[in-house]
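A look at the structure
Take a look at the letters that make up each chain.
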Amino acid sequence: MELDSLYQDIILDHYKHPQNKKLATSYDAQVHHINPSCGDEITLNLTLKDGLVDCITWDGVGCSISQASVSILSDLLKGKTISQAQIIQDEFLHLMQSKGSKDGSAELLEDAVALAGVSKYPARIKCALLGWMAYKDAVVQAQSK
Ligand code: ZN
């Protein structure tokens, strides 16, 4: 898989120095998602407060794409309103479905645009989306409490 080298550096940096990779002991929802085709696993704890994403912490194992993606997400969505987070999530999903035809909005996605090249590799899209699907599930659970 060949990705733009700047983008590769961002991904590797998040993989080697993951953000928020320490499960918070209190949370509104905890989810565990796996990607059997690659062997990626993510546990994600989410806390919402006053309509904001207050805290996303996680733990996981797997490939650099899956682990970097959830690290980026945990940083990016923290402090956003739930509806802003939804807009970012939708933009990322569109990017992953673009088969390499889109760059993604850097304004919305920040470091997550580094994953744009992954959309050309169908087998790896699930790796990139694993953390985002976990977050989506956690929001639904946290809101239904
Ligand atoms: Zn993977």
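So, here is what we can say about the structure in this document. (Residues numbered from 1 in each chain as written. Predicted model: local features only at pLDDT ≥ 70, side-chain atom pairs only at ≥ 80, totals over all residues. Heavy atoms only, no water.)

Moving on to the sheet that holds strand E1 (residues 29–35). Taken together, the three strands give an open sheet; going across it, the order is E1-E2-E3, and neighbouring strands pair in antiparallel fashion. Because the sheet does not close on itself, it has two edges, and the strands there are E1 and strand E3 (52–61). Strand-to-strand twist in this sheet, taken as the mean axis angle between neighbours without regard to direction, amounts to 20 degrees. With seven bridges connecting them, E1 and strand E2 (residues 40–49) associate as antiparallel partners. Considered in E2, the bridge of Gln 30 is made with Asn 45. Most of the contacts of helix H5 (residues 122–143) go to E1, to which it runs at about 155 degrees, and overall it touches E1, E2 and E3. (Pairing = 2+ DSSP bridges. Helix = DSSP H or I, 4+ residues; strand = E, 2+ residues; numbered from the N terminus. Axes fitted to C-alpha atoms, helices over the stretch in contact; angles between N-to-C directions. Contact = heavy atoms within 4.5 Å.)

Turning our attention to the environment of Pro 18. The residue Pro 18 is located in the loop between helix H1 (5–16) and E1 in this model. Placed 40 residues apart in sequence, Pro 18 and Trp 58 show a C-alpha to C-alpha distance of 9.7 Å. Setting aside residues no more than four positions away along its own chain, Pro 18 makes contact with Trp 58 and Ser 71.

Coordination sphere of the zinc ion, protein contribution only: Cys 38 (SG), Asp 40 (OD), Asp 40 (OD), Cys 63 (SG) and Cys 127 (SG), at 2.1 to 2.7 Å. Sequence spacing among the residues donating to the zinc ion works out to C-x1-D-x22-C-x63-C. With Cys 63 in the loop between E3 and helix H2 (64–76) and Cys 127 in helix H5, the pair connects residues that are 64 residues apart, well separated along the chain. Like Cys 63, the residue Cys 127 is buried in the burial classification. (Donors = N, O, S within 2.8 Å, 3.2 Å for Na, K, Ca; no water. Buried < 20%, exposed > 50% of the residue type's maximum accessible area, 1.4 Å probe, protein only.)

Turning to H2, a few remarks are in order. With 13 residues, H2 extends 18 Å from end C-alpha to end C-alpha; this agrees with the ideal 18 Å at 1.5 Å per step. Every buried residue belonging to H2 is among Ile 65, Ser 66, Gln 67, Ala 68, Ser 69, Val 70, Ser 71, Ile 72, Leu 73, Ser 74 and Leu 76, and all of these are buried. Buried-residue contacts for H2 involve H1, E2, E3, helix H3 (82–96), helix H4 (106–109) and H5. (Expected span 1.5 Å × (residues − 1).)

H5 packs onto H2 with a crossing angle of 35 degrees between their chain directions and a minimal axis gap of 8 Å. In the crossing of H2 with H5, the sense of the turn from one axis to the other is right-handed. Each of Ile 65, Ser 66, Ser 69, Val 70, Leu 73 and Leu 76 in H2 lies in contact with H5, whose residues at this interface are Arg 124, Cys 127, Ala 128, Gly 131, Trp 132 and Tyr 135. (Left-handed = near helix turned anticlockwise from the far one by under 90°.)

Let us now look at the nonpolar core. Core analysis: the biggest nonpolar cluster contains 42 residues, and Leu 44, Leu 46, Phe 92, Met 96 and Tyr 135 have the highest contact counts within it. Where this core is concerned, the elements lending two or more residues are E1, E2, E3, H2, H3 and H5. The element that contributes the greatest number of residues to this core is H5, accounting for eleven residues. Those residues in contact with Leu 44 that lie beyond four places of it in its chain are Ala 29, Gln 30, Val 31, Ile 56, Thr 57, Trp 58, Val 70, Leu 73, Gly 131, Ala 134, Tyr 135 and Ala 138. (Core = buried A, V, L, I, M, F, W, Y, C linked by side-chain atoms within 4.5 Å.)

Okay, the environment of Lys 102 next. Mapped onto the secondary structure, Lys 102 falls in the loop between H3 and H4. Residue Lys 102 is classed as partly exposed on the basis of its relative accessible area, which comes to 43%. Spatially, the C-alpha atom of Lys 102 lies 9.0 Å from that of Gly 117, the residues being 15 residues apart in sequence. Beyond its immediate sequence surroundings of up to four residues, Lys 102 is in contact with His 94, Leu 95 and Ala 116.

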